[in-house]
Amino acid sequence: MDIDAIEKWRKQVTRNLYENIIPFWMTYSIDRRNGGFYGRISNDLQVDQTAPRSVVLIARILWTFAALFRFDKDTRHLEIAHRAFNYLTRYFSDGKYGGVYWLVAPGGEVLEYKKKIYGQAFAIYGLSEYYAASGEKSALEMANQIFQLIEKYCHDAINGGYYEATNRDWSETQDLRLSAVDLNEKKSMNSHLHLLEALTNLQRVNSDSLVRARLQELVECHLKYILNPVSNHLYLFFDEKWNPRLDAISFGHDIEASWLISEAADVLGDDKIQSQVKSATNKMVAAVVAEGLNQYNALPVDKDLTDNLDSNRFEWWQQAEAVVGLINAYQISGDSSYLDRACRLWDFIDKYFVDWQYGEWYYEVSAEGIPNPDKPKVSEWKCCYHNTRACLEVLKRTAQLINQEENRYAETK
């Protein structure tokens with residue numbers, strides 16, 4: 001792909017980010033009556049005033065606008081991040097036992113007290129990014145406090161990794177599920193992947209020996225237990241001793257993990273780990289390309305916990321993560337076909353997912369590109385994090401590619 005093609009792609013991504021995604025969230029998501037952000041908005045901007053707010057939604061908004069400010073220094077984005085930080089600390093922070101609640105009502109009443117590691121991880125992710133953007137020390141303190149709590153109550157010192165969930169007071173719970181569709185097992189790929197993501201960010205903004213040790217442990221858990229060395233896909237659920245409990249594939253998580261593990265290895269800076277991760281990443285992405293991507297280089301959704309793909313449906317987050325994973329694979333391997341696939345996948349996103357009438361991306365579209373009206377633009381799970389991050393990663397990484405190409409050209413003169 002030549003520089004002109006990359007520049008054209010950058011313009012598409014920039015327009016998508018600044019004329020579509022961000023205006024939607026700054027204009028329509030803010031709840032000026034109850035504070036914070038609405039918990040559910042339909043495709044055509046109908047707000048569900050009664051919808052609860054999840055810590056995942058708020059923490060992801062916090063990360064998104066803090067990351068945006070770090071990228072473009074637009075103080076309006078820092079203001080939104082500040083709003084998310086205030087809402088998170090006021091309504092989700094457990095002043096008695098520490099950590100963050102899972103779900104609150106629009107008025108702030110706690111609906112679910114359970115401490116799910118997935119939610120704690122996203123709180124760390126958002127808080128650490130907000131600290132990097134604002135210098136707010138209380139955000140870093142809260143991130144570190146949450147890390148210390150999950151270290152104390154959830155870390156498996158014998159087998160490695162972390163248990164899925166606890167009760168409010170960090171005591172053992174019998175229901176470990178992240179959601180109703182998940183298995184009730186001690187450990188999952190999903191929670192460990194996003195804890196790895198969170199500790200990568202925490203270590204990046206505030207180097208700490210214990211955080212580093214646990215980040216390295218999480219990378220090793222992914223390589224040793226979570227990644228199937230035969231299929232090069234990720235196992236999804238495990239018992240306490242890391243025995244896989246389900247033989248199913250999530251292509252979206254495979255491609256997301258490929259670049260998040262690479263990022264963690266880069267933060268660790270260990271040559272041996274980086275070499276191991278590079279080898280694993282190449283195999284993971286190759287497996288996704290061979291078995292998951294369709295003719296548009298898009299990823300259909302995972303059908304359920306027993307089947308692999310539903311070729312008639314596509315969700316937003318798999319596409320966003322696949323774009324980044326493919327660019328990352330190109331940067332690691334030098335295989336230009338990955339970069340071409342990423343660009344063509346962006347064309348698919350731009351054509352079918354981007355809603356230029358009401359803003360944002362659709363949650364789900366059919367194989368014919370028809371949006372699913374029952375899937376909202378905003379919900380406990382649908383947010384601005386996957387697609388904004390994809391845009392930022394494309395802009396950052398393509399800038400590096402252009403700079404490298406220009407330097408090579410200058411050396412030949």
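Residues numbered from 1 in each chain as written. Predicted model: local features only at pLDDT ≥ 70, side-chain atom pairs only at ≥ 80, totals over all residues. Heavy atoms only, no water.

**Q** Looking at this model, I keep getting lost on the sheet that holds strand 1 (residues 53–54). Mind explaining?
**A** As a general point, the strands of a sheet are linked pairwise by backbone hydrogen bonds and lie either parallel or antiparallel. Spatially, three strands are ordered 1-2-3 in an open sheet, and the strand pairing comes out antiparallel. A strand with exactly one partner marks an edge of an open sheet, and here the two such strands are strand 1 and strand 3 (110–112). Direction of pairing for strand 2 (residues 103–104) relative to strand 3: antiparallel, over a ladder of two bridges. Residue pairing in the sheet places V104 in a bridge with V110 of strand 3. (Pairing = 2+ DSSP bridges. Helix = DSSP H or I, 4+ residues; strand = E, 2+ residues; numbered from the N terminus.)

**Q** What's the story with the layout of surface pockets in this structure? I'm lost.
**A** Leftover empty space is mapped by rolling, across the atoms, a probe with the size of a water molecule. As a volume, the largest pocket reaches approximately 1,000 Å³. Secondary-structure elements contributing two or more residues to the lining of the largest pocket are strand 6 (187–188), helix 6 (189–205), helix 8 (251–268), strand 8 (300–302), strand 9 (309–315) and helix 10 (316–333). Classifying every residue of the lining of the largest pocket gives 17 nonpolar, nine polar and 15 charged. Considered as a void within the structure, the second largest pocket measures approximately 350 Å³ in volume. (1 Å grid on protein atoms, 1.4 Å probe; cavity = no way out; pocket = protein on both sides within 12 Å on 5 of 7 lines; lining within 4 Å. Points joined across faces, edges and corners; volume = space filled by probe spheres on them. Nonpolar A, V, L, I, M, F, W, Y, C, P; charged D, E, K, R; others polar.)

**Q** Would you explain the packing of helix 10 against helix 11 (residues 336–352) in this entry?
**A** Helix-helix packing: each pair is described by the crossing angle between the helix axes and the interaxial distance. One way to put it is that helix 10 packs onto helix 11 with a least axis distance of 7 Å and a crossing angle of 160°. By the angle between their axes, helix 10 is roughly antiparallel relative to helix 11. Taken as a pair, helix 10 and helix 11 cross one another with a handedness that is left-handed. The residues of helix 11 that touch helix 10, namely those facing Q319, A320, A322, V323, L326, I327, A329, Y330 and S333, are S336, Y338, L339, R341, A342, L345, W346 and I349. Taken together, the residues of the contact of helix 10 with helix 11 sort by class into 13 nonpolar, three polar and one charged. (Axes fitted to C-alpha atoms, helices over the stretch in contact; angles between N-to-C directions. Parallel < 35°, antiparallel > 145°, perpendicular 65-115°, else oblique. Left-handed = near helix turned anticlockwise from the far one by under 90°. Contact = heavy atoms within 4.5 Å.)

**Q** In this structure, what is going on with helix 11? I would like to understand it.
**A** Structural remark: α-helix, 3.6 residues per turn; residues separated by three or four positions point the same way. Between its first and last C-alpha atoms helix 11 spans 25 Å; for 17 residues at 1.5 Å apiece the expected length is 24 Å, and the two agree. Those residues of helix 11 lying buried are Y338, L339, A342, C343, L345, W346, F348, I349 and Y352. (Expected span 1.5 Å × (residues − 1). Buried < 20%, exposed > 50% of the residue type's maximum accessible area, 1.4 Å probe, protein only.)

**Q** Whenever I open this one, the pairing of strand 9 confuses me. Can you help?
**A** In the case of a regular strand, side chains alternate between the two sheet surfaces. By the bridge criterion, three bridges tie strand 8 to strand 9 in an arrangement that is antiparallel. Considered in strand 9, the bridge of P300 is made with F314. By the bridge criterion, three bridges tie strand 9 to strand 10 (residues 364–366) in an arrangement that is antiparallel. In the sheet register, E315 faces strand 10, and the bridge partner there is E364.

**Q** What exactly am I supposed to notice about the environment of N184 here?
**A** Along the chain, N184 falls in the loop between strand 5 (165–166) and strand 6. Here N184 falls in the partly exposed class, since its relative accessible area comes to 39%. For the pair formed by N184 and F237, sequence separation is 53 residues and the distance between their alpha carbons is 8.7 Å. Not counting residues within four places of it along the chain, the set of residues in contact with N184 comprises Q174, D175, L176 and R177. Side-chain polar atoms of N184 contact the backbone oxygen of Q174, separated by 2.9 Å. Among the polar contacts made by the side chain of N184, one reaches the main-chain amide nitrogen of L176 at a distance of 2.6 Å. (Polar contact = N/O pair within 3.5 Å; in protein donor to acceptor, adjacent residues only side chain to side chain.)

By themselves, these observations are geometric and do not establish any function.
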